[in-house]
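Each chain, letter by letter, is given below.
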Amino acid sequence: MPRQGKLESGDQAAPLRTCVGCRVRTVKSELLRLVVVDGVIVPDLRGRLPGRGASLHPSSGCLELAERRRAFSRAFRAQGALDVARLRAHLEGLD
Ligand SMILES: [Zn+2]
């Protein structure tokens, strides 16, 4: 993943996000932003997709945790089931 070219030393205000899988709070840049497009969870690799996002460590372990806890439905306030196949394929490609 390319670094966002900001060199602000001593910046205490780095944005924090909570992983919807393991619930660990960490800097945004460590997490993968996810959005839902037509009921499908997709990784927002460029951070540009509109809509409600959720954050997840880029690991299939955290994906499993999130699924088990139904964290995605909550995070996205989805009424129906969400398709994680595309996200899983992406994460498995990383492992
Ligand atoms: Zn995690």
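Computed from a predicted structure; not experimentally measured. (Residues numbered from 1 in each chain as written. Predicted model: local features only at pLDDT ≥ 70, side-chain atom pairs only at ≥ 80, totals over all residues. Heavy atoms only, no water.)

Take the side chain of Thr26 next. Along the chain, Thr26 turns up in strand β2 (residues 25-27). We classify Thr26 as buried; its relative accessible area is 16%. Setting aside its immediate chain neighbours within four residues, Thr26 contacts Pro15, Leu16, Arg17, Leu31 and His57. (Helix = DSSP H or I, 4+ residues; strand = E, 2+ residues; numbered from the N terminus. Buried < 20%, exposed > 50% of the residue type's maximum accessible area, 1.4 Å probe, protein only. Contact = heavy atoms within 4.5 Å.)

Now for the environment of Arg68. Its place among the elements puts Arg68 in helix α1 (residues 60-68). For the pair Arg68 and Gly21, spaced 47 residues apart in the sequence, the C-alpha separation amounts to 8.7 Å.

The strands that make up a sheet pair up through hydrogen bonds in the backbone, lying either parallel or antiparallel. Overall, antiparallel pairing links the three strands, which are arranged β4-β3-β5 in an open sheet. For this open sheet the edge positions go to β4 (40-43) and β5 (53-56), each flanked by a neighbour on one side alone. Neighbour-to-neighbour, the strand axes of this sheet turn through a mean angle of 35°, independent of strand direction. As defined by bridge partners, strand β3 (residues 32-37) adjoins β4 across four bridges and the pair is classed as antiparallel. Bridging from a neighbouring strand, Val37 pairs with Val40 of β4. Its contacts with the sheet put helix α3 (residues 85-94) on β3, β4 and β5, and the angle it makes with β4 is roughly 30°. (Pairing = 2+ DSSP bridges. Axes fitted to C-alpha atoms, helices over the stretch in contact; angles between N-to-C directions.)

Next up on the list: α1. Ser60, Cys62, Leu63 and Ala66 are the residues of α1 that are buried. An end-on view of α1 places all buried positions within 155° of arc, on one side of the element. Where the residues of α1 are buried, they touch β5, α2 (71-76) and α3. Where α1 begins, one side-chain oxygen reaches toward the backbone nitrogen of Gly61, 3.2 Å away; that side chain belongs to Ser59. (Arc of directions from axis to C-beta. Polar contact = N/O pair within 3.5 Å; in protein donor to acceptor, adjacent residues only side chain to side chain.)

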